[in-house]
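# Breakdown of the fold
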Amino acid sequence: MRLSNGIRAAAIALAGLAATACASYPEAPRYSTRPMPAYGGVAAPVSPPAYTPPVYEAPPPMTAPVARIEGGALPPPGGAYAPPPPAYTPAPAYAPPAASSAPMTVTAGAAYVIQPGDTISGVGRRFQTPVQNLIDLNGLGPRGAITVGQSVILPDSAVDTGPDPYATGPAPVGVMVPENGVIPPPPPPPSGNPALPPPPREPAVSGSVGTAAAGSTALQWPVRGDILRRFGPVGLGERNNGINIGAPAGAAVNAAAPGRVAYVGDDLVGQGLTVLIVHRDGWRTVYGHLGSATVDDGADVRAGQQIGTVGLTAGDGRPSIHFETRRMQGDEPVAIDPLTVLPR
């Protein structure tokens, strides 16, 4: 019991000392600002002054400029000022240009009644009318098909030159007829396509003139006249496979060499009335745009024999025929320039 009271007294004494120590402890260390006494002849360093942080001042608020700023284009490299471009003005609405001239038309006239044996090219020859005009006026299609008894409308400019071997019907009422039976002269050749001088004449020897380019077949001119169109390209992807020879309408067209007639008709598009003759050594000759044919399919002809007449359907602006010379190469009849195989 006595020991216990001693321990309690010691604990109370320690608690009192701790409370006294806490009450006397300084809040922060205190340093003297006076120089410390010299030690060993050297002055002690002076403590630096206490740190004082700088006072922060906020910058003044930023504001937009009040004055108006004018903009503009940069000056050109030369230094001179270039004014701004004018304001855009939309273009006026497009209006198609007025036609310079009225389209060409063909006025319908009288009608001709198709007879047995008539052809559209024969009708065109008789009435001095391009076949294409007849096709357009009557809606005959690309082949110009006609039937017996059909009424074919003629243009009002048609002139009846009299019965043709392939247009034998009576003269329609209202169609012009040449005065005193004289056929009006054909129009001159179109400008820019002047007629070339005819080739020189050479005497015929044993019914044959000149030599062909190859083989023993000799060819002669089917008719004498001006060369209106030559062999070769004619523009826009088209090609002339022969030559066009101008001569008086109705002049005789002769076989260029002996052979056999293989075709007579006007079913070939763009060829008009045509005669095709097969010769030996693989040669073929073609006579297109004839006014009439005087031979039949399968007939044997001699060189210089008449096979037809000069027609008006070649589109050369004057009477003419289309003449081709071809030679077989394998199964293909290849077109050859007639001027290279006809006599000079």
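Up top is the structure.
Overview of the structure. (Residues numbered from 1 in each chain as written. Predicted model: local features only at pLDDT ≥ 70, side-chain atom pairs only at ≥ 80, totals over all residues. Heavy atoms only, no water.)

### Side note on the overall build of the protein
Scanning the protein for helices and strands turns up three helices and 15 strands. The buried share of the protein, reckoned over its 344 residues, is 31%. Excluding contacts between residues fewer than 6 apart, the proportion of contacts in the protein whose partners are at least 24 apart in sequence is 62%. Within the structure as shown, the protein displays about 22,700 Å² of accessible surface, and the carbon and sulfur contribution to it stands at 61%. (Helix = DSSP H or I, 4+ residues; strand = E, 2+ residues; numbered from the N terminus. Buried < 20%, exposed > 50% of the residue type's maximum accessible area, 1.4 Å probe, protein only. Contact = heavy atoms within 4.5 Å. Areas by Shrake-Rupley, 256 points an atom, 1.4 Å probe, with all protein chains shown as cover.)

### Points about unusual backbone geometry
Positive phi, close to 50°, is recorded for Gln 128, a residue that is not glycine. Mapped onto the elements, Gln 128 comes out in the loop between helix H2 (120-126) and helix H3 (131-138). Exposure remark for Gln 128: the relative accessible area of 31% places this residue in the partly exposed category. At His 289, a residue that is not glycine, the phi angle is positive and equals roughly 60°. Structurally, His 289 is set in the loop between strand S10 (283-288) and strand S11 (290-293). The exposure class of His 289 is buried, given its relative accessible area of 9%.

### Quick look at the pairing of strand S8 (residues 259-265)
Moving residue by residue along a regular strand, the side chains alternate between the two faces of the sheet. As judged from the two bridges shared by S8 and strand S12 (residues 300-301), these two strands associate in the antiparallel manner. Bridge pairing links Arg 260 to Asp 300 in S12. Where S8 lies against strand S9 (residues 274-278), five bridges are found, and the strand directions are antiparallel. Counted as the bridge partner of Val 264 is Val 275 from S9. (Pairing = 2+ DSSP bridges.)

### What about the pattern of salt bridges?
If you walk through the whole model with that rule in mind, you get six salt bridges. Residues Asp 160 and Arg 126 are paired through a salt bridge, measuring 2.9 Å at the closest nitrogen-oxygen approach. Residue Asp 160 is located in the loop between strand S2 (151-155) and strand S3 (226-229), and its partner Arg 126 is located in helix H2; the two are separated by 34 residues in the primary sequence. On the basis of relative accessible area, Asp 160 is assigned to the buried category, the value being 6%. For Arg 126, a relative accessible area of 2% translates into the label buried. Between Asp 226 and Arg 318 there is a salt bridge, with its nearest N and O atoms 3.0 Å apart. (Salt bridge = Lys/Arg side-chain N within 4 Å of Asp/Glu carboxyl O.)

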